[in-house]
Amino acid sequence: MELPQSDLKLRQLKVFREVLRAGSARRAAVALGISQPAVSQHVKLLEATLGITLFKRSANRIVPLQEAWELLRNVELALTSLDRLGASIFAMKNEEKQRIAIAAPSVFGFVTLPKVVAMIHSKAASNVRSISGSYEQIGEHILAGRADLGISRLPLDPTLFEWAPLGSARNVCIFHPDHRFSKHTCIEAYDLAGETIVDIDPQFAAHQMNFNALRFAGVEPDILVEFDCNGHEAGYVSAGLGISITNEIIAREYAAFHLGIKPVEPSALYHYVAIWQKGRTFSNALNVSLEAIIDAFSQMPPARG
């Protein structure tokens, strides 16, 4: 029986994804349980449908072009959303417990999210899918339907999201407990002269603010290592390789590292929120999950040095 056109296009996308995942048409064919010529034909049909050349043909091989890698990200998002939709429909038909997907920066997996999961499991018997990402990606996960709830911070677009406040935080310096900063009441820019710094990547606003303050005080930053998301700095600081600037809410996630923590001036103020898509209808499990996130933040002790 001939497949509907929509099914054919979906199949083409799945074959395309597998070719990039597997690294060759031959290995993709094995993974998909079809012939290698069938893989090549699906890829050709996809290119014809899109009007884009995705692969370079060379000696019976297809080599992905940059366009293929750029397309893959959106294909992954679309297929993941379809898989999740299918699982959700199956669960509704079979009256299964709802799985809650929560998007949050990975650093919250140290302390806060385990508390959230424990509360959700005890009150709603739901399981949880944890999705990590930057604050911008958290919003993308919510809008794409990959996540039901997210942990993020303001500002956010009120035409796209609704939110509940979780807490506010100011900047702090984290350091090895034997560091000289343990005797300070507050860390100021000039105190960082001569210190090696573990710093977040330059595209983040926190980097710009911290380094502007240093240079205003006549201190040239000595960066030992840059990291691309909160959570990575704790290991370097714990090893005594440098100090780092973060905020109070993030620093609370590092309790197990027993780091020194002191306030920093000048400081910024960060407002953390639980977010969801505007207009979202809440199930009982989703209400329980939101309450669990709010409770987990309210129960967290303040960051201490």
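From a predicted model like this one, the values you see are computed outputs, not experimental measurements.

Thresholds, definitions, all that
Residue positions are counted from 1 within each chain, in the order its sequence is given. Under the rules for a predicted model, residues below a pLDDT of 70 receive no local features and side-chain atom pairs below 80 are neither given nor counted, while totals for whole chains, interfaces and linings still include all residues. With hydrogens and water stripped out, all remaining heavy atoms of the structure feed into the side-chain values. Only DSSP runs of H or I with at least four residues qualify as helices, and only runs of E with at least two residues qualify as strands; both kinds are numbered from the N terminus onward. Contacts are assigned to residue pairs that have any heavy atoms within 4.5 Å of one another. Exposure was quantified through the Shrake-Rupley algorithm and a 1.4 Å probe, taking into account, for residues, occlusion by the shown protein chains and nothing else. The rule is simple: take the accessible area with a 1.4 Å probe, protein chains only, and divide by the maximum for that residue type; under 20% is buried, over 50% is exposed, in between is partly exposed. For the purposes of this section, nonpolar cores are sets of buried Ala, Val, Leu, Ile, Met, Phe, Trp, Tyr and Cys residues that join through side-chain atoms within 4.5 Å. Residue ranges assigned to each domain were obtained from an automatic or database domain assignment. Axes here refer to lines fitted to C-alpha atoms; in helices the fit is confined to the stretch in contact. Angles between the N-to-C directions go from 0 to 180 degrees. An angle below 35 degrees is read as roughly parallel, one above 145 as roughly antiparallel, one from 65 to 115 as roughly perpendicular, and any other as oblique. Helix crossings are classified by the rotation of the near helix relative to the far one: an anticlockwise turn of less than a right angle makes the crossing left-handed, while a clockwise turn makes it right-handed. Side-chain classes follow a simple rule in which Ala, Val, Leu, Ile, Met, Phe, Trp, Tyr, Cys and Pro form the nonpolar group, Asp, Glu, Lys and Arg form the charged group, and the remainder, Gly included, forms the polar group. A pair of aromatic rings is counted whenever rings of Phe, Tyr or Trp (Trp by its six-membered ring) have centres within 6.5 Å, and the orientation is called stacked for planes under 30 degrees apart, edge-to-face for over 60 and tilted otherwise. What qualifies as a polar contact is a pair of N or O atoms within 3.5 Å, subject to a donor-acceptor requirement within protein and to the restriction that residues adjacent in sequence count only when both atoms come from side chains. Each reported salt bridge corresponds to a side-chain nitrogen of Lys or Arg within 4 Å of a carboxyl oxygen of Asp or Glu.

Q: Sorry, what's going on with the overall build of the protein here?
A: A tally of regular secondary structure across the protein gives 10 helices and 12 strands. Within the protein, residue pairs in contact and separated by at least 24 positions form 73% of the contacts whose partners lie at least 6 positions apart. Carbon and sulfur atoms form 54% of the exposed surface of the protein, whose accessible area is close to 16,200 Å².

Q: Honestly, the environment of Leu241 in this entry has me stumped. Any pointers?
A: By secondary structure assignment, the location of Leu241 is in the loop between α8 (233-238) and β10 (244-247). Owing to a relative accessible area of 40%, Leu241 belongs among the partly exposed residues under this scheme. When neighbours within four sequence positions are excluded, Leu241 is seen to be in contact with Thr196, Leu224 and Tyr236.

Q: How do you make sense of the nonpolar core when you look at a structure like this?
A: Side chains that are nonpolar tend, in soluble globular proteins, to be buried together. Counting 41 residues, the largest nonpolar core has Phe108, Val116, Ile151, Tyr272 and Ile293 as the members making the most contacts within it. For this core, the leading source of residues is helix α10 (residues 284-299), giving 7 residues. Domain assignment of the residues forming this core places at least three in each of domain 2 (100-166 + 271-299) and domain 3 (168-270). Apart from the residues within four sequence positions on either side, Phe108 is in contact with Leu113, Pro114, Ile151, Ile249, Ile250, Glu253, Tyr272 and Phe297.

Q: What should I look at first to understand the packing of helix α5 (residues 112-124) against α10 in this one?
A: Two quantities define a packed helix pair, namely the angle between the helix axes and the distance between the axes. The N-to-C vectors of α5 and α10 enclose an angle of 140°; their axes lie 8 Å apart at closest approach. Overall, the two elements α5 and α10 adopt an arrangement that is oblique. The handedness of the crossing between α5 and α10 comes out as right-handed. Residues Thr112, Lys115, Val116, Met119, Ile120, Lys123 and Ala124 of α5 form the contact with α10, whose own contacting residues are Ala285, Val288, Ser289, Ala292, Ile293, Asp295, Ala296, Phe297 and Gln299. Of the residues belonging to the contact of α5 with α10, the class tally is 10 nonpolar, 3 polar and 3 charged.

Q: Would you take a moment to explain the packing of aromatic side chains for this structure?
A: Note on aromatic pairs: each is described by the distance of the centres and the angle between the planes. One pass over the full model with this rule turns up 9 aromatic pairs. Judged by centre distance (6.1 Å) and plane angle (75°), the ring pair of Phe16 and Phe55 falls under edge-to-face. You can see Phe16 sitting in helix α1 (residues 5-22) and its partner Phe55 sitting in strand β1 (residues 55-58), a full 39 residues away along the chain. As far as burial versus exposure is concerned, Phe16 and Phe55 are alike and both buried. Residues Phe175 and Phe181 carry aromatic rings whose centres are separated by 5.8 Å and whose planes lie at 90° to one another, so their mutual orientation is edge-to-face. Pairwise contacts between aromatic rings join Phe108, Tyr135, Tyr272 and Phe297 into one cluster.

Q: Please explain the side chain of His179 as it appears in this structure.
A: Relative to the elements of secondary structure, His179 occurs in the loop between β6 (161-175) and β7 (187-188). Judged by relative accessible area, which is 16%, His179 ranks as buried. Separated by 3.0 Å, the side chain of His179 and the backbone nitrogen of Phe181 make a polar contact. Those residues in contact with His179 that lie beyond four places of it in its chain are Glu195 and Ile243.

Q: Would you take a moment to explain the pattern of salt bridges for this structure?
A: Side-chain pairs of opposite charge can arise whenever the charged atoms involved come near each other. A full pass over the atoms with the stated rule returns 6 salt bridges. Where Asp148 meets Arg280, a salt bridge forms, and the shortest distance between an N and an O atom there is 3.0 Å. Placement of Asp148 in the loop between α6 (135-143) and β5 (149-153) and of Arg280 in the loop between β12 (269-277) and α10 is noted, with a sequence separation of 132 residues between them. According to the relative accessible area criterion, Arg280 is partly exposed, its value standing at 32%. The residue Arg180 makes a salt bridge to Glu195 at a minimum N-O spacing of 2.9 Å. Taken together, the residues Arg180 in the loop between β6 and β7 and Glu195 in the loop between β7 and β8 (196-200) connect sequence positions 15 residues apart. Residue classification places Glu195 among the buried residues on the basis of a relative accessible area of 11%. A network of salt bridges, in which partner residues are shared, links Arg17, Arg21 and Glu76.

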